[in-house]
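Chains, contacts and geometry: an overview
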Amino acid sequence: MPEYEFVDVYVPRGVSRKETTRLLTDHAEYGHWELDRLSLHRDGSRRVRLRRRIIRQVRATW
């Protein structure tokens, strides 16, 4: 089963949808993050949870 690391991003209510999309796209392209969960709150703020797979290096034995 793959292991993931998570990061939570808080987007305040004044940030537009377009700016939020750009922010999440930058995380995805440059940090290799993918969307795990998005919560839209009553006040218009968003809480986004991103995840990326942890790749473990296997030691080479000689």
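Parameters at a glance
- Note that residues are indexed from 1 along each chain, following the sequence as it is written.
- Predicted model: local features are reported for residues with pLDDT of at least 70 only, side-chain atom pairs are reported and counted for 80 or more only, and whole-chain, interface and lining totals are derived from all residues.
- To obtain the side-chain values, all non-hydrogen atoms of the structure were used and water was disregarded.
- Strands qualify as paired when DSSP identifies two bridges or more between them.
- By the criteria applied, helices consist of DSSP H or I runs no shorter than four residues and strands consist of E runs no shorter than two, each listed in order from the N terminus.
- All axes are obtained by fitting lines to C-alpha atoms, using only the stretch in contact for helices, and the reported angles, taken between N-to-C directions, cover 0 to 180 degrees.
- Only heavy atoms matter for contacts: two residues are in contact if any of them lie within 4.5 Å across the pair.
- Pairing of aromatic rings covers Phe, Tyr and Trp, the last counted by its six-membered ring, and requires centre-to-centre distances within 6.5 Å; plane angles under 30 degrees mean stacked, over 60 mean edge-to-face, and any other angle means tilted.
- Either the NZ atom of lysine or the CZ atom of arginine qualifies as a charge over a ring when it sits within 6 Å of the ring centre and within 35 degrees of the ring normal.
- Exposure above 30% relative accessible area and no salt bridge define the residues that can form patches, which grow by joining like charges within 9 Å and nonpolar side chains of Val, Leu, Ile, Met, Phe, Trp and Tyr within 5 Å.
- Methods summary: accessible areas were calculated by the Shrake-Rupley approach with a probe of 1.4 Å, and residue burial reflects only the protein chains presented.
- Any Lys or Arg side-chain nitrogen located within 4 Å of an Asp or Glu carboxyl oxygen qualifies as a salt bridge.
- Buried residues are those whose accessible area, probed at 1.4 Å on protein chains only, stays under 20% of the maximum for their type, while exposed residues exceed 50% and partly exposed ones sit between those limits.
- What is meant by a nonpolar core is a set of buried Ala, Val, Leu, Ile, Met, Phe, Trp, Tyr and Cys residues, joined one to another through side-chain atoms within 4.5 Å.

In the annotation of an unreviewed UniProt entry, the protein is listed under the name DUF5703 family protein and assigned to Streptomyces tremellae.

Let us look at the sheet that holds strand β3 (residues 46–53). The strand order β1-β3-β2 describes an open sheet built from 3 strands, whose pairing is antiparallel. Bordering the open sheet on either side are β1 (4–11) and β2 (34–40), each of which pairs with just one other strand. Averaged over all pairs of adjacent strands, the angle between their axes in this sheet comes to 20°, without regard to strand direction. Here 8 bridges tie β1 to β3, and the two strands are oriented antiparallel to one another. From the neighbouring strand, Y4 faces β3, where its bridge partner is R53. The sheet strands contacting helix α1 (residues 17–31) are β1 and β3, and the helix crosses β3 at an angle near 15°.

Tallied over the full model, the rule gives 0 aromatic pairs. Directly above the aromatic system of Y4 lies the positively charged group of R51, at a separation of 4.3 Å from the ring centroid.

A surface patch of nonpolar side chains, amounting to about 310 Å² of accessible area, comprises L35, L38 and L40. Looking at the secondary structure, you find L35 in strand β2. Residue classification places L35 among the exposed residues on the basis of a relative accessible area of 51%.

What follows deals with the nonpolar core. By size, the foremost hydrophobic cluster in this structure holds 6 residues: V9, V11, L24, W33, V48 and L50. Put simply, the parts of the chain that give this core at least two residues each are β1 and β3. Residues within four places of V48 in sequence aside, it is in contact with V7, D8, V9, L24, L35, R37 and L38.

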